[in-house]
Amino acid sequence: MSKELKRRGIFNENGDIELSKRRIINGNTTNLNDFNNIKYTWVSDWYRQAMNNFWIPEEINLDTDVKDYRKLDKYEKEAYDMILSFLIYLDSIQTAQLPNLESYITANEINLCLSIQTFQEAIHSQSYSYILDTICSPNERNDILYLWKNDNTLLERNRFIGDQYNDFLEEKTEDTIMKALIANYILEGIYFYSGFSFFYNLGRNGKMPGTVQEIRYINRDENTHLWLFRSIINDLKKEREDLFTKEKIEYYRSLIKKGVEEEIAWGKYAIGDNIQGLNTKMLEAYIKYLGNLRSKGLGFGILYEGFEDQPESMKWVDEYSDPNTVKTDFFEGKVSAYSKSSIIVDDL
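Below, the structure is looked at part by part. In this text the structure is predicted, and so the values were computed from the model without any measurement.

## Brief notes about the pattern of salt bridges
Move 1: Here the structure, examined in full by the defined rule, presents 20 salt bridges.
Move 2: Here glutamate 109 and arginine 22 are joined by a salt bridge, their closest N and O atoms 2.7 Å apart. Taken together, the residues glutamate 109 in helix 4 (residues 108–135) and arginine 22 in the segment before helix 1 (42–52) connect sequence positions 87 residues apart. Arginine 22 shares its class with glutamate 109; the two are buried.
Move 3: Shared partners join several salt bridges into a network, and the residues in it are Arg157, Lys258, Glu262 and Glu263.

Structure follows, in structure tokens:
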């Protein structure tokens with residue numbers, strides 16, 4: 001039977017101050033934020049990277065996007081609306097879920113990171129609202145925001161991660177927090193990537209440059225979040241080998257594989273084979289490659305033989321995902337404000 005999780009308190013004068021006693025879960029924390037004494041040493045680099053990632057959505061000019069949005073063809077517009085709706089909902093769920101995790105993480109330096117991530121997820125939601133408020137009418141905006149109310153495929157697309165989070169909300173055990181951590185890893189490392197690829201493909205076709213730049217900054221944040229959850233899970237492997245038995249690892253692998261399959265199916269549904277420069281075969285190969293990358297990042301091995309290397313047909317994604325690489329004069333006056341932080345290469 002899975003061990004019950006101990007919720008961290010707020011004021012705990014009897015908490016452990018020795019680093020050797022600090023634990024990610026079921027520890028006894030004082031909640032003191034001491035930046036000079038941290039057990040999980042990767043936190044220092046992560047914290048600085050995340051703080052340097054700060055950006056403001058409204059400083060990106062969307063004037064060209066207002067015109068381009070009306071010129072998108074039928075397939076591009078449908079994909080744009082559906083993918084944006086999906087990303088909006090995912091980041092909204094993240095903003096609500098992360099404080100629940102924080103309540104049961106007993107390593108104070110990791111909670112500092114989760115607090116920053118929660119703030120960044122709120123910035124992402126703000127950026128999506130800014131895009132919709134700028135390029136859409138109020139009715140179009142609401143239709144996109146609540147598209148999942150009328151699209152069963154999109155509703156089910158949201159449900160898989162939501163179910164893992166709800167399981168943790170309803171029952172606080174070591175098994176359910178592990179599911180929630182793996183689900184976060186899937187969301188940050190697999191679930192966004194068909195959508196990101198679609199927007200970058202628009203960019204290389206000379207369309208919606210403002211949206212593309214917003215997505216670049218979001219993508220950079222998500223790589224940081226991916227690094228965070230990979231580090232949490234890998235440190236838990238060292239602390240709690242009992243949570244990573246052969247059977248449990250196989251279950252975690254199955255969750256990642258399910259995430260890959262859902263992302264591939266979503267790409268086929270939302271993007272299809274009618275978008276210039278992008279098709280379902282390209283997306284499937286790319287998402288399977290990412291699935292392998294994510295599984296290997298946790299030491300779980302390969303999920304899909306033959307997809308160990310990034311597909312040649314999708315190597316342009318890396319170029320477009322760098323927010324400091326801007327191909328047009330459109331952003332020239334603004335991009336320097338965000339160039340202080342380098343992109344994290346997506347080899348996590």
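Structure's up, so let's keep going.
## Considering the nonpolar core
Move 1: Formed by 104 residues in total, the largest nonpolar core has its most connected members in Tyr80, Ile110 and Phe198.
Move 2: For this core, the element with the highest residue contribution is helix 3 (residues 74–102), accounting for twelve residues.
Move 3: When sequence neighbours within four positions are dropped, the list of residues in contact with isoleucine 110 reads Ile24, Tyr40, Trp42, Val43, Ile105 and Ile232.

## Side note on the packing of helix 7 (residues 174–191) against helix 10 (residues 246–270)
Move 1: Where helix 7 contacts helix 10, the two axes come as close as 10 Å, and the packing angle between them is 35°. You can see that helix 7 and helix 10 cross each other, and the crossing is right-handed. Between helix 7 and helix 10, the residues in contact are Asp175, Met178, Lys179, Ile182, Ile186, Ile190 and Tyr191 and Lys248, Tyr251, Tyr252, Leu255, Ile256, Gly259, Val260, Glu262 and Glu263, respectively.
Move 2: Split by residue class, the contact of helix 7 with helix 10 holds ten nonpolar, one polar and five charged.

Procedures and definitions
Residues numbered from 1 in each chain as written. Predicted model: local features only at pLDDT ≥ 70, side-chain atom pairs only at ≥ 80, totals over all residues. Heavy atoms only, no water. Salt bridge = Lys/Arg side-chain N within 4 Å of Asp/Glu carboxyl O. Helix = DSSP H or I, 4+ residues; strand = E, 2+ residues; numbered from the N terminus. Buried < 20%, exposed > 50% of the residue type's maximum accessible area, 1.4 Å probe, protein only. Core = buried A, V, L, I, M, F, W, Y, C linked by side-chain atoms within 4.5 Å. Contact = heavy atoms within 4.5 Å. Axes fitted to C-alpha atoms, helices over the stretch in contact; angles between N-to-C directions. Left-handed = near helix turned anticlockwise from the far one by under 90°. Nonpolar A, V, L, I, M, F, W, Y, C, P; charged D, E, K, R; others polar.

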